[in-house]
Amino acid sequence: MTRLALTTALLCGTALPALAGTEAWDDIREALYGDRVLKDGATVIAIDAPYRTPDDARADLAAQIIPPLGVEVSKVWVVLDENPMPVSAVFELEEPQPSFFFDVTMRVNGPTPLHVVAETTDGQLYVQESFVKTSGTGACAAPPGTDPIAALASLGELGVAFGGALPGIGGGELISFASRLSRMDVDISHPSHSGMQMDQISLLFIPMRYVESVDIDLDGAGFVEMTGSISLSENPRVGLSVPSQSQSVDITMTDTDGTVSKLHQKLAGY
């Protein structure tokens with residue numbers, strides 16, 4: 001799939017100053033979408049995020065997107081306005097879907113608005129906003145939770161679990177869309193160094209290194225590419241909705257140091 005040039009540039013080049021919530025979003029919105037109209041996504045996007053993160057360094061942020069009938073989801077942005085890299089994850093669907101769900105473990109650096117933006121196949125953009133409070137530990141600068149040597153030894157290991165019901169939104173046709181999908185969880189062994197963390201022995205900053213992209217193919221065909229950021233937690237887990245009849249999955253993870261890991265797995269029983 002084509003690299004997300006604009007998003008990657010924003011991720012790599014943006015360490016936005018701490019701005020008031022609406023001002024930060026206004027700047028991010030203009031950088032990403034220019035003068036495109038973002039429609040109210042209250043009936044399209046349902047965000048599932050904690051009122052206050054129980055662990056700032058590993059918060060579950062999820063959403064389900066079900067667009068108006070007749071169009072499908074083609075791309076989703078996850079924006080934590082006040083994180084050092086606000087554009088925290090981008091999902092680009094090679095095969096647009098009538099419904100899409102994600103659940104990702106992320107660092108939430110401090111209290112911040114959370115915006116989820118979905119693009120549909122007719123070119124429309126929908127946005128929904130939530131707000132996440134934190135305990136104030138500054139997750140992006142928090143020391144790594146695992147031994148650095150051990151983390152490098154297992155870096156790139158991938159695991160997949162498939163199955164389980166997804167939430168529905170509303171009723172009728174909306175619930176029926178969710179019932180056709182299953183949840184797939186991808187576990188990635190990666191220290192996800194933010195570049196803001198300090199080695200507790202040398203007291204030097206650990207160089208930035210994070211999951212740059214995760215390509216997921218189903219049954220030999222492209223399905224979705226996720227572009228990551230330093231907002232991804234250490235050893236991130238990415239949950240996605242996938243068609244229930246999927247028989248196999250191929251995953252390619254690439255990090256910012258150029259490490260590439262691959263996994264092929266049959267999804268027996270489905």
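Residues numbered from 1 in each chain as written. Predicted model: local features only at pLDDT ≥ 70, side-chain atom pairs only at ≥ 80, totals over all residues. Heavy atoms only, no water.

Enumeration over the complete set of coordinates arrives at three aromatic pairs. Centre to centre, the rings of Y33 and W77 are 5.0 Å apart; their planes meet at 85 degrees, and the pair counts as edge-to-face. You can see Y33 sitting in helix α2 (residues 21-33) and its partner W77 sitting in strand β4 (residues 73-80), a full 44 residues away along the chain. Grouping residues by exposure puts Y33 and W77 together as buried. Measuring from ring centre to ring centre gives 5.2 Å for F91 and F102, while their planes differ by 25 degrees; the resulting arrangement is stacked. Placement of the pair is F91 in strand β5 (residues 87-97) and F102 in strand β6 (residues 100-106), with a sequence separation of eleven residues. Judged by its relative accessible area of 1%, F102 falls in the buried class. Cluster of aromatic residues (ring-pair linked, three or more members): F91, F100 and F102. (Phe/Tyr/Trp six-rings, centres within 6.5 Å; stacked < 30°, edge-to-face > 60°. Helix = DSSP H or I, 4+ residues; strand = E, 2+ residues; numbered from the N terminus. Buried < 20%, exposed > 50% of the residue type's maximum accessible area, 1.4 Å probe, protein only.)

Phi at S192 is positive, roughly 50 degrees, even though this residue is not glycine. Locating S192 in the fold gives a position in the loop between β10 (181-188) and β11 (211-218). One non-glycine residue, N235, lies in positive phi territory at about 45 degrees. With respect to the helices and strands, N235 occurs in the loop between β12 (221-227) and β13 (237-243).

Averaged over all residues, the pLDDT of the chain is 85; the fraction at 70 or higher stands at 84%. Confidence drops under pLDDT 50 across residues 1-20; counting only partners more than four residues distant or on other chains, this segment forms 44 contacts. (pLDDT = per-residue confidence, 0-100. Contact = heavy atoms within 4.5 Å.)

With that out of the way, let us pick up the pattern of salt bridges. Enumeration according to the criterion identifies eight salt bridges in this entry. For the salt bridge of R36 with E119, the shortest nitrogen-to-oxygen distance reads 3.0 Å. Residue R36 is located in the loop between α2 and β1 (38-40), and its partner E119 is located in strand β7 (residues 112-120); the two are separated by 83 residues in the primary sequence. What makes R36 partly exposed here is its relative accessible area of 32%. Salt bridges linked by common partners bring D60, D103, R183, D185 and R237 together as one network. (Salt bridge = Lys/Arg side-chain N within 4 Å of Asp/Glu carboxyl O.)

This part covers the side chain of H190. In this structure, H190 sits in the loop between β10 and β11. A residue is classified by how much of its surface remains accessible, and H190, at 0% relative accessible area, is buried. Here the side chain of H190 touches D255 through a polar contact of 2.9 Å, side chain to side chain. In contact with H190, other than residues within four places in its own chain, are L155, R209, Y210, V211, E234, N235, P236, M253 and D255. (Polar contact = N/O pair within 3.5 Å; in protein donor to acceptor, adjacent residues only side chain to side chain.)

A few words on the nonpolar core. Formed by 45 residues in total, the largest nonpolar core has its most connected members in I65, V76, F91, F100, F102, I216 and I251. Leaving out residues up to four positions away in the same chain, V76 has contacts with I65, A89, V90, F91, F100, F102, V116, V117 and A118. Of all hydrophobic cores here, the second largest spans twelve residues; its members include W25, W77, V87 and V117. (Core = buried A, V, L, I, M, F, W, Y, C linked by side-chain atoms within 4.5 Å.)

Checked against the element boundaries, S241 lands in strand β13. In this structure S241 comes out as buried when scored by relative accessible area, which is 2%. Engagement of the side chain of S241 in a polar contact is seen with the backbone nitrogen of F101, the distance being 2.9 Å.

Here we come to a negative patch on the surface. A contiguous patch of negative charge, built from E23, D26, D27 and E30, is present on the exposed surface. By the element assignment, E23 lies in helix α2. Here E23 falls in the partly exposed class, since its relative accessible area comes to 45%. (Patch = residues over 30% accessible without salt bridge, like charges linked within 9 Å, V, L, I, M, F, W, Y side chains within 5 Å. Areas by Shrake-Rupley, 256 points an atom, 1.4 Å probe, with all protein chains shown as cover. Lys, Arg positive; Asp, Glu negative; His and termini not counted. Charge placed at Lys NZ, Arg CZ, Asp CG, Glu CD.)

Bringing the sheet that holds strand β14 (residues 248-255) into the picture now. Each strand in a sheet pairs with its neighbour through backbone hydrogen bonds, running either in the same direction (parallel) or in the opposite one (antiparallel). Taking strand neighbours across the sheet as the criterion, the nine strands line up as β1-β8-β7-β4-β5-β12-β11-β14-β15 in an open arrangement whose pairing is mixed. Of all strands in the sheet, those with a lone pairing partner are β1 and β15 (260-266), marking the two edges. Between one strand and the next, the sheet's axes are offset by a mean angle of 20 degrees, whatever the strand orientation. Pairing of β1 with strand β8 (residues 125-132) involves three bridges; the strand directions are parallel. Residue pairing in the sheet places D40 in a bridge with V127 of β8. (Pairing = 2+ DSSP bridges. Axes fitted to C-alpha atoms, helices over the stretch in contact; angles between N-to-C directions.)

Moving on to the environment of S213. You can see S213 is positioned in strand β11. For S213, a relative accessible area of 0% corresponds to the buried category.

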